[in-house]
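So you can see what is in the structure, the chains are spelled out below.
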Amino acid sequence: MSSYDVIMIGSGPGGYVGAIRCAQLGLKTAIVEGRDTLGGTCLNIGCIPSKALLHATEMLHEAEHNFAAMGLKGKAPSVDWKQMLDYKDTVIGQNTGGVEFLMKKNKIDWLKGWATIPEAGKVKVGDEVHEAKHIVVATGSEPSSLPGIEVDEKTVVTSEGALKLGKIPKTMVVIGAGVIGLELGSVYARLGSEVTVIEYLDGITPGMDAEVSRTFQKLLTKQGLSFKLGAAVQGVEVKNNKAKVTFKMRKDDSEDTITADTVLVATGRKPYTTGLGLEELGVEMSERGQIKTDDHYKTNIDGIYAIGDAIDGPMLAHKAEDEGMAVAEGLAGQHPHVNYGVIPGVIYTHPEVANVGKTEEQLKDEGRAYKVGKFSFMGNGRAKANFAADGFVKIIADKETDRILGAHIIGPMAGDLIHEVCVAMEFGAAAEDLARTCHAHPTYSEAVREAALACGDGAIHM
Ligand code: NAI
């Protein structure tokens, strides 16, 4: 039996980042992982592989649509699907191997297998029981399907199966116009699949700034995706490798069907805590299956903590990472703090979509007076040169104090641009602080400054 200060269960971004922080702070640490490779959903079947396919297909889109206009003549490349999947697998291998290297470098033991917690202070992996002063559950989440749908990961797939389809489908139905549905729907639309997205609500990307959401839908429609909004999927029937999706329009209860080669179920994710033995231990859970914790990520059982997708909050890798660092620092006697008001969200489509802080809709509900500064990428020289002038930056600031309350960007590199607003918000900045900061020309970031200027006396290039 080996004994540790901390055992992290799960090696996704929450668990492995937390483990590294524990080790850096002098805690003897082990990480439990039952997959063959470290990195969890994010590195193996989520963020990283999907970004590889998004990158490859974006290059294809560029070649097909913009090369000729720039004087780059010749046939657009053809797609070797197997090679594209191999490239994606290589990227996964590099990243998971990188995490393994980091574990060794930080002298963190990898306990291979699936963990159960027989009692506080003990973690069982295979036949071995290990002791730990503190146990952190970082077991993440899994796709949640709908009643009437049986996922076989071939014809009816979740995000996992969608990353390794045997061939590019001619037709695809995506259920759910959230992050996964739109990212993977974009991948297949660029590869030539006819993609129909069925969404229960009347708009895409629920919770997002409504103006961004409308613009996003228009741009995706231009790229060939079609949308059936206000449609509740009732079930999927598979016959002869074809799937028939039945849905009901919410406005009049009329029923309709679509048949497709592949159906991607992207209707959300749920915490994954199976087999840990939490129920037997009496760990309190919410109705949605999330582990309940206090502000220090401690469960109701002393010595057992939880972070990431398994607890409340947005299911985002970077949120889990921050919680991983925070729980480690807390266990080492520090006083960490995660600012949940400044957690960016990014959708890695083309253009990208990114947001942080409050939306106009939320501020209206709160009855808070605000002002909006908006700037279109049409006014940004760099974006025009790069065929990337679709979209805009919107900064929302307090009407009286000018303090930045949120930012919503749809456009080139939105997922990177958002971070200057995040930093500004962490410093409690006013829109004027951003507006008075010199931004290099020509960069996309000038659009952020211009939106900040638009909160005051006005943008220059509009
Ligand atoms: P989601 O919650 O973002 O979207 C699910 C969508 O399905 C919603 O719009 C919902 O209204 C719709 N829906 C539910 N039931 C339906 C029905 N019967 N018929 C039609 N539509 C229905 O969930 P998604 O996209 O599966 O993502 C899961 C989680 O993973 C999210 O928390 C997301 O933030 C995270 N994620 C984040 C990524 C990123 O940061 N880029 C990438 C991938 C996932």
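Residues numbered from 1 in each chain as written. Predicted model: local features only at pLDDT ≥ 70, side-chain atom pairs only at ≥ 80, totals over all residues. Heavy atoms only, no water.

## A word on the sheet that holds strand 20 (residues 370-376)
Next up, step 1: With antiparallel pairing, 5 strands are arranged side by side in an open sheet as 18-19-22-21-20. Each edge of the sheet is formed by a strand with only one pairing partner; in this case those strands are strand 18 (345-347) and strand 20. Strand-to-strand twist of the sheet, defined as the mean angle between neighbouring strand axes without regard to direction, takes the value 10 degrees.
Next up, step 2: In the sheet, strand 19 (residues 352-357) pairs with strand 22 (residues 404-411) via 6 bridges, with the strands oriented antiparallel. The residue bridging V353 from the neighbouring strand is I410, located in strand 22.
Next up, step 3: Docked against the sheet, helix 7 (residues 210-222) engages strand 18, strand 19, strand 20, strand 21 (392-398) and strand 22, running at close to 5 degrees with respect to strand 22. (Pairing = 2+ DSSP bridges. Helix = DSSP H or I, 4+ residues; strand = E, 2+ residues; numbered from the N terminus. Axes fitted to C-alpha atoms, helices over the stretch in contact; angles between N-to-C directions. Contact = heavy atoms within 4.5 Å.)

## Here we look at the sheet that holds strand 13 (residues 242-249)
Next up, step 1: If you walk across this open sheet you meet the 3 strands as 12-13-14, and the pairing is antiparallel. The open sheet has two edge strands with one neighbour each: strand 12 (231-239) and strand 14 (255-260). The average undirected angle you get between the axes of adjacent strands in this sheet is 20 degrees.

## Some words on the site of the ligand
Next up, step 1: Close to the ligand lie 23 residues; I180, E183, E199, G268 and V346 are nearest.
Next up, step 2: With respect to the ligand, the backbone of V179 contributes an N or O atom lying 3.2 Å from an oxygen atom.
Next up, step 3: In the model, a nitrogen atom of the ligand is placed 3.1 Å from a nitrogen or oxygen of the Y200 main chain.
Next up, step 4: Here the ligand, which alone exposes 850 Å², has 79% of that area covered by the protein.
Next up, step 5: Elements with a minimum of two residues in the shell around the ligand: helix 6 (179-190), strand 10 (194-199) and strand 12.
Next up, step 6: Each residue belonging to the shell around the ligand can be placed in one class, and the counts come to 16 nonpolar, 4 polar and 3 charged. (Near = heavy atom within 4 Å. Polar contact = N/O pair within 3.5 Å; in protein donor to acceptor, adjacent residues only side chain to side chain. Areas by Shrake-Rupley, 256 points an atom, 1.4 Å probe, with all protein chains shown as cover. Nonpolar A, V, L, I, M, F, W, Y, C, P; charged D, E, K, R; others polar.)

## Focus on the layout of surface pockets
Next up, step 1: Taken as a whole, the second largest pocket encloses approximately 450 Å³ of empty space.
Next up, step 2: In terms of lining residues, the second largest pocket is bounded by 22 residues, among which D294, D295, H296, Y297 and Y340 are the most central.
Next up, step 3: Per-element accounting of the lining of the second largest pocket gives the leading share, 5 residues, to helix 9 (residues 317-331).
Next up, step 4: Partitioning the lining of the second largest pocket into residue classes produces 11 nonpolar, 7 polar and 4 charged. (1 Å grid on protein atoms, 1.4 Å probe; cavity = no way out; pocket = protein on both sides within 12 Å on 5 of 7 lines; lining within 4 Å. Points joined across faces, edges and corners; volume = space filled by probe spheres on them.)

## Points about the nonpolar core
Next up, step 1: With 50 residues, the main nonpolar core has I7 and I9 as its most contacted residues.
Next up, step 2: Not counting the four nearest positions on each side in its chain, I9 is found in contact with V32, A115, I117, V123, I135, V136, V137, A138, T139 and L276.
Next up, step 3: Of all hydrophobic cores here, the second largest spans 37 residues; its members include L85, L182, V195 and L225. (Core = buried A, V, L, I, M, F, W, Y, C linked by side-chain atoms within 4.5 Å. Buried < 20%, exposed > 50% of the residue type's maximum accessible area, 1.4 Å probe, protein only.)

## Let's talk about the domain arrangement of the protein
Interfaces are often described in size by the accessible area the parts lose on coming together.
Next up, step 1: We note that the domain assignment places domain 1 (3-143 + 270-338), domain 2 (156-267) and domain 3 (344-454) within the protein.
Next up, step 2: Taken over C-alpha atoms, the centre of domain 1 sits 27 Å from the centre of domain 2.
Next up, step 3: At the junction of the two partners, domain 1 supplies 18 residues and domain 2 supplies 15 residues.
Next up, step 4: Here domain 1 meets domain 2 over a buried area of about 1,400 Å², counting both sides, of which 70% is carbon and sulfur. (Domains from an automatic or database assignment. Buried area = accessible area lost by both parts, 1.4 Å probe.)

## A few points about empty space enclosed by the protein
Next up, step 1: Here the structure, examined in full by the defined rule, presents 1 cavity of 30 Å³ or more.
Next up, step 2: Empty space within the largest cavity amounts to approximately 40 Å³.

## A closer look at the pattern of salt bridges
Next up, step 1: The full count for this structure, using the stated rule, is 19 salt bridges.
Next up, step 2: Ionic pairing is found between D398 and R368, a salt bridge with its closest N-O pair at 3.2 Å. With a gap of 30 residues between them, D398 in strand 21 and R368 in the loop between helix 10 (360-366) and strand 20 connect regions that are remote in the sequence.
Next up, step 3: Residue R368 is classed as partly exposed on the basis of its relative accessible area, which comes to 35%.
Next up, step 4: Ionic contacts of the salt-bridge type, sharing partners, join the residues D209, E211, E360, K374 and K394 into one network. (Salt bridge = Lys/Arg side-chain N within 4 Å of Asp/Glu carboxyl O.)

## A short note on helix 6
Next up, step 1: For helix 6, spanning 12 residues, the distance from its first C-alpha to its last is 17 Å, which sits close to the expected 16 Å at 1.5 Å a residue.
Next up, step 2: Most of helix 6 is tucked away: 10 of the 12 residues are buried.
Next up, step 3: Taken together, the buried positions of helix 6 are G181, L182, E183, L184, G185, S186, V187, Y188, A189 and R190.
Next up, step 4: Residue G192 follows helix 6 closely and has a positive phi angle near 105 degrees. (Expected span 1.5 Å × (residues − 1).)

## Quick notes on the side chain of E360
Next up, step 1: With respect to the helices, strands and loops of the structure, E360 is situated in helix 10.
Next up, step 2: The exposure class assigned to E360 is buried, which follows from its relative accessible area of 15%.
Next up, step 3: Here K394 takes part through its side chain, which lies 2.5 Å from a polar atom of the side chain of E360.
Next up, step 4: In this structure, E360 is in contact with D209, E211, Y370, V372, K394 and I396, ignoring residues within four places of it in sequence.

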